[in-house]
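For reference, the chains in residue letters:
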Protein chains: 2
Amino acid sequence: MSTRSEIIKIADELIREKGFNAFSFYDISKALGIKNASVHYHFPTKNDLGIAVVNEYLAKLEEMMADSADKEPTERINVYLSIYTSTKAEGRICLVGSLASDLQTVDPELKVYLKQLVDKILNWVTDILADGQARGVFAFSVVPRTKALMIITNMLASLQLTRLTDEQDFETIKQTIIKDITK
Amino acid sequence: MSTRSEIIKIADELIREKGFNAFSFYDISKALGIKNASVHYHFPTKNDLGIAVVNEYLAKLEEMMADSADKEPTERINVYLSIYTSTKAEGRICLVGSLASDLQTVDPELKVYLKQLVDKILNWVTDILADGQARGVFAFSVVPRTKALMIITNMLASLQLTRLTDEQDFETIKQTIIKDITK
DNA sequence: ATGTACCTACCAAGTAGTAGATAGACAAAT
DNA sequence: ATTTGTCTATCTACTACTTGGTAGGTACAT
């Protein structure tokens, strides 16, 4: 893997572990065994690095959506939910939740890309739900976009909250979501 | 108001606006027109200040619970939800959400108090829901504690997310919660 | 010889936190 | 009634450290 990719990977992990304002270029250089100036060579500013991380997510999400596009809604929603299961296993929170918390401290340019990421996720989940409803495998009493908002907020905050309540609560929330939409 | 109380108030606002790691003692001293050493006089360390903010919430919550204890479940859940409505109006996020995001960077002592706050909120909402269910005004198909988790995660994350989607989405989420539990 | 990816060595700014002085309020001792 | 001592809340002035970021050099592959 290229140094550039490794920097993005480590930055992503650090953002989701400590937050955007709590990691430094030194943290990354230390993890990679290079000097902080070398990190700046690949990403001149912290904002540049943040944008690269978000863009990586945009690309990965695009890929995920394409890969699961012709699958059943039930499986597609599981693909979505499983993202959080892996994140939970890491003991970290999700990128959107982390950056959304630090929103007022990040560069407006980064905000634009983050907004795109949120839109893309929201549209994806909305599509899955609408598809499931149309095929008669899902049932819910609000418009798909609203149901998507409910599910996304459940998952996003469950990662943050269940580090403070029962660790088992994450799985409870996830199963409740599945049961709730399944006809 | 005493300087001590004012420091706590400003710290709370800053934590919910920028995050625990993005505000400084200087920010507070500037806002109050005093020197940073004077802030340290009242709160020797940032950890002390963070704990004072969380304790302030514990006390306020206690008061709120007592004040609404003999009211109808419908009104009590509205009291709970209205906390987030005010926070949304401020353009800030909730304290729990902010500190939960920065969890790995704060002192273990602060974590303990934060855990107490989350427990208290979770128990409060669980009680309201169980009471409403017993009185036949609420209906839901999971145990009250799980439903409380769903609602709390919805509200917590809605503050974070709706700064990136539609501003109107916050109200949509709130109304969906009310409609969902009302029999 | 040109570009890539790293290095050494630095800087200015901001951070949490400390030492020690000062000024006023209040109470006890003279 | 005045002095003395103590407490509170502030100040000036500082320290040690970390931060994001830069200038300029080097090794190496194409």
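Residues numbered from 1 in each chain as written. Chains lettered and ligands numbered in written order. Predicted model: local features only at pLDDT ≥ 70, side-chain atom pairs only at ≥ 80, totals over all residues. Heavy atoms only, no water.

Q: Tell me about the overall build of chain A, and please be specific about residues and values.
A: Scanning chain A from N- to C-terminus turns up nine helices and zero strands. Along the chain direction, N to C, the helices and strands of chain A fall in the order α-α-α-α-α-α-α-α-α. Compactness check: chain A gives a C-alpha radius of gyration of 18 Å against a globular reference of 16 Å for 183 residues, within 12% of the reference. Based on the C-alpha atoms only, the size of chain A along its principal axes is roughly 55 × 35 × 30 Å. Taking all 183 residues of chain A together, the buried fraction comes to 51%. Total accessible area on chain A is roughly 8000 Å²; 51% of this is exposed by carbon and sulfur atoms. The centroid of the 22 positive side-chain charges in chain A is displaced by 2 Å from the centroid of its 25 negative side-chain charges. (Helix = DSSP H or I, 4+ residues; strand = E, 2+ residues; numbered from the N terminus. Rg over C-alpha atoms; globule rule 2.2 N^0.38 Å. Buried < 20%, exposed > 50% of the residue type's maximum accessible area, 1.4 Å probe, protein only. Areas by Shrake-Rupley, 256 points an atom, 1.4 Å probe, with all protein chains shown as cover. Lys, Arg positive; Asp, Glu negative; His and termini not counted. Charge placed at Lys NZ, Arg CZ, Asp CG, Glu CD.)

Q: Quick rundown of the pattern of salt bridges? Include the residues and the values.
A: Where charged atoms of side chains with opposite charge meet at close range, the side chains can pair. All names here are of chain A. For the structure on display, the rule yields 26 salt bridges over all chains. For Glu167, the salt bridge identified is with Lys88, shortest N-O distance 2.8 Å. Here Glu167, found in the loop between helix H8 (144-161) and helix H9 (169-181), pairs with Lys88, found in helix H5 (residues 73-90); they are 79 residues apart in sequence, far enough to count as distant. (Salt bridge = Lys/Arg side-chain N within 4 Å of Asp/Glu carboxyl O.)

Q: Please set out the protein's contact with DNA strand D residue by residue, giving values where relevant.
A: A:Lys46, B:Lys35, B:Ser38, B:Tyr41 and B:His42 are the nearest of the 17 residues found near DNA strand D. For DNA strand D, the fraction of protein-proximal atoms (within 4 Å) that sit in sugar or phosphate groups is 67%. Measuring from a phosphate oxygen of DNA strand D, one finds a backbone N or O atom of A:Phe25 at 3.0 Å. Between DNA strand D and B:Lys35 there is a distance of 2.7 Å, counted from a phosphate oxygen to a backbone nitrogen or oxygen. Of all the elements in the fold, those that place two or more residues in the surface near DNA strand D are helix H3 (36-42) of chain A together with helix H3 (36-42) of chain B. (Near = heavy atom within 4 Å. Polar contact = N/O pair within 3.5 Å; in protein donor to acceptor, adjacent residues only side chain to side chain.)

Q: I'd like a rundown of the environment of A:Met155, residues and numbers included.
A: All names here are of chain A. Here Met155 shows up in helix H8. Judged by relative accessible area, which is 0%, Met155 ranks as buried. Separated by 71 residues in the primary sequence, Met155 and Tyr84 place their C-alpha atoms 6.9 Å from one another. In this view, Met155 contacts Tyr80, Leu81, Tyr84, Phe170, Lys174 and Ile177; residues no more than four positions away in its chain are not counted. (Contact = heavy atoms within 4.5 Å.)

Q: Break down helix H4 (residues 46-68) of chain A for me, with residues and values.
A: In a regular helix each residue adds 1.5 Å, so 23 residues correspond to 33 Å; H4(A) covers 33 Å between its end C-alpha atoms and thus fits that length. Elements that come into contact with the buried residues of H4(A) comprise helix H1 (3-18), helix H2 (25-32), H5, helix H6 (95-101) and helix H7 (108-134) of chain A. (Expected span 1.5 Å × (residues − 1).)

Q: How would you summarise the relation of the copies chain B and chain A if you had to cite specific residues and measurements?
A: Superposing chain B onto chain A takes a rotation of 180 degrees combined with a translation of 0.0 Å along the rotation axis, leaving an RMSD of 0.0 Å. Classification of the inter-copy transformation places it as that of a two-fold axis. Interface overlap between copies: 100% of the residues of chain B at the interface are likewise at the interface in chain A, consistent with a symmetric, same-surface contact. (Least-squares fit on C-alpha atoms with pLDDT ≥ 70 in both.)

Q: Let's hear about the protein's contact with DNA strand C: which residues, and what values?
A: Taken together, 16 residues lie around DNA strand C, and A:Lys35, A:Ser38, A:Tyr41, A:His42 and B:Lys46 are the ones closest in. Counting only the atoms of DNA strand C within 4 Å of the protein, the fraction contributed by sugar and phosphate is 68%. With respect to DNA strand C, the side chain of A:Ser38 contributes an N or O atom lying 2.5 Å from a phosphate oxygen. Contact between DNA strand C and B:Phe23: a phosphate oxygen at 3.3 Å from a main-chain N or O atom of the residue. Breaking the surface near DNA strand C down by element, the ones donating at least two residues are H3 of chain A together with H3 of chain B.

None of the figures reported here should be taken as evidence of function without further support.
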